[in-house]
Amino acid sequence: MQKKRWRKLGLMRRVLTCAIALISLVALFSAHLHLFFPPSQVSMLPDPYKLPTQHEIRYQKLSRERSWIRPHLSKAPLPALKLDGANGSSDFNKLWKRPPNRDFAPCVDPSSSYIAPLETRGYLLVHTNGGLNQMRAGICDMVAVARIINATLVVPELDKRSFWQDTSNFSDVFDEDYFIKSLVNDVKIIKKLPRELMTATRAVKHFRSWSGIDYYEQEIASLWDDYQVIRAAKSDSRLANNNLPPDIQKLRCRACYKALRFSPRIEAMGKLLVDRMRSYGPYIALHLRYEKDMLAFSGCTHDLSIEEANELTAIRENTSYWKVKDIDSTEQRAKGYCPLTPKEVGIFLRALGFPPTTPIYIAAGEIYGGDSRMAALQSRFPTLMKKEKLATGEELDPFINHASQMAALDYIVSVESDIFVPSYSGNMARAVEGHRRFLVHRKTISPDRKLLVRIFDKIANGTMKEGKKLSARIIEIHKRRQGSPRKRKGPISGTKGTDRFRSEEAFYVNPLPDCLCQKESTENETSTIVVMK
């Protein structure tokens, strides 16, 4: 009996020992995970208008299967949590604080008189044009046009003939099924034209730029009398920014900020980049539009060599769909029409008060001039990151030869950033700014390039130095250029015709007042939504 008792005690000891060891291993593993992926790194977006994260299982699998080593910096940056001086903490909070949103919130639900799509009168084919963000805006506009003319929209064809020569299809860049499903109560969308209409005669139209609802209801809809298929040869800027029915404007916002989300693979990779960027702390996404195509298109050659200027001129002259060939670079820059150089961006950000430890994500393709052109910015801000640093070659391999997919990754990291700074007001800068405004006015600092170039020229010729005086001047200039709520700007006074529409602020740059409404507290402290007119 005593032997049996000792055997039982020995068995219990072994069981307890194994249990304690197992608990210790689990605790150690949990601490290890939290060290590398703290909960604070998970980006929080206002539901339901956040960049989608429905494919978490795929994302978690992607994260586990792929290894990434945090880049070694030449000088390990201190955490970007304080500025120098006694008021460092308060200065830090002021720098990163969002602008007051004045209680604006997204309001894109249709009105009570909005009805389901009527019986279709025909099919609308769309050939989008331009880069990713130009195509995005065009797709959303064509959703609205399909609604106006009672058309069934065939999933748009992406531009494969532009400067970037990207072979991506719609489903490679966007979540095609979600796009169709999300807009089922607005427009009927199909993936392909019915087989019996493949050979049918089509009305091929270049829809008039910035057209109102009358143009589409009368001139375009009348084509259904003779055709079953209408093909839009281009999609950019084909719908007016203003003076459209409220339900059409809200539909554009539902299409852009809700339905047209990126493909699961792009979403997962974009979220991974955001999480890795967050591991450095609050970060700036800098859209550094200093790439060869932009410099060639804009004719901006400031600080470039004669050989570089000649190369860019040759590209512009040989690109048939770029209509303007003869450009005065000095005049362009003086008017604020040129992107800031990497060096100028560095001076600008330091003058605003950002310390050298600030993490910056470079949302751009290949910078013209490479590392030598980036040296001045790198010396001011050593923690410069980009896709190629934040991800392994294996992780980026599926996207690397597709400009639109690479741009989509930059878009996600930019929308999610604590602060977005565009060096040029191109299509991506405008799209990201508008999306951030829609997401309750996230901070976007828009450089006043026209005033800045005068300051930079004074620094270059020695009549002004970097320091407190320069900093105070630049901060004052940009107090009201940080993404706070305001109504969309109308046309410049005195402009007429196409120039009048061109001078307006684009709909997707600022969806207020159409898609953002202001909450107003009543006497009994309940809230009502007031549309800003």
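Residues numbered from 1 in each chain as written. Predicted model: local features only at pLDDT ≥ 70, side-chain atom pairs only at ≥ 80, totals over all residues. Heavy atoms only, no water.

1. Things to note about the overall build of the chain
- Counting secondary structure elements, the chain contains 21 helices and 12 strands.
- A buried classification covers 50% of the 533 residues belonging to the chain.
- Counted over contacts in the chain with a minimum sequence separation of 6, partners at least 24 positions apart contribute 78%.
- Split by element, the accessible area of the chain, about 28,100 Å² in all, is 53% carbon and sulfur. (Helix = DSSP H or I, 4+ residues; strand = E, 2+ residues; numbered from the N terminus. Buried < 20%, exposed > 50% of the residue type's maximum accessible area, 1.4 Å probe, protein only. Contact = heavy atoms within 4.5 Å. Areas by Shrake-Rupley, 256 points an atom, 1.4 Å probe, with all protein chains shown as cover.)

2. Observations regarding the packing of helix α9 (residues 264–278) against helix α17 (residues 403–415)
- Contact pair α9 / α17: the axes reach a minimum separation of 9 Å and the direction vectors enclose 45°. By the angle between their directions, the pair α9 and α17 is classed as oblique. Relative to α17, α9 is oriented so that their crossing is right-handed. Of α17, the residues touching α9 (which contributes R265, I266, E267, M269, G270, K271, L273 and V274) are Q405, A408, L409, I412 and V413.
- Residue classes in the contact of α9 with α17 are distributed as eight nonpolar, two polar and three charged. (Axes fitted to C-alpha atoms, helices over the stretch in contact; angles between N-to-C directions. Parallel < 35°, antiparallel > 145°, perpendicular 65-115°, else oblique. Left-handed = near helix turned anticlockwise from the far one by under 90°. Nonpolar A, V, L, I, M, F, W, Y, C, P; charged D, E, K, R; others polar.)

3. Overview of the nonpolar core
- Counting residues in hydrophobic clusters, the biggest one holds 85 residues, and the most contacted among them are L124, I149, F174, F179, F207, Y216 and F262.
- Considering each element in turn, this core owes the most residues, 10 residues, to helix α4 (residues 132–148).
- Those residues in contact with L124 that sit more than four places away from it in its chain are M142, V145, A146, A151, T152, L153, V154, F207, I230 and A232. (Core = buried A, V, L, I, M, F, W, Y, C linked by side-chain atoms within 4.5 Å.)

4. Side note on the packing of helix α13 (residues 342–352) against helix α19 (residues 449–460)
- Orientation of α13 relative to α19, taken along the N-to-C sense of each, is 100°, at an axis distance of 11 Å. With respect to each other, α13 and α19 are oriented roughly perpendicular. Within the contact between the two elements, α13 uses E344, I347 and F348 and α19 uses L452, F456 and I459.
- Along the lines of polarity and charge, the residues of the contact of α13 with α19 split into five nonpolar, no polar and one charged.

5. Brief notes about the sheet that holds strand β7 (residues 284–287)
- Pairing within the open sheet is parallel, and its four strands lie in the order β9-β8-β7-β10. Taken across any chain shown, the strands that pair with only one partner, and hence form the sheet edges, are β9 (384–385) and β10 (419–422).
- Of the pairings in the sheet, the one linking strand β8 (residues 360–362) to β9 comprises two bridges and is parallel in character. Each residue of the ladder has a partner; that of I360, found in β9, is L384. (Pairing = 2+ DSSP bridges.)

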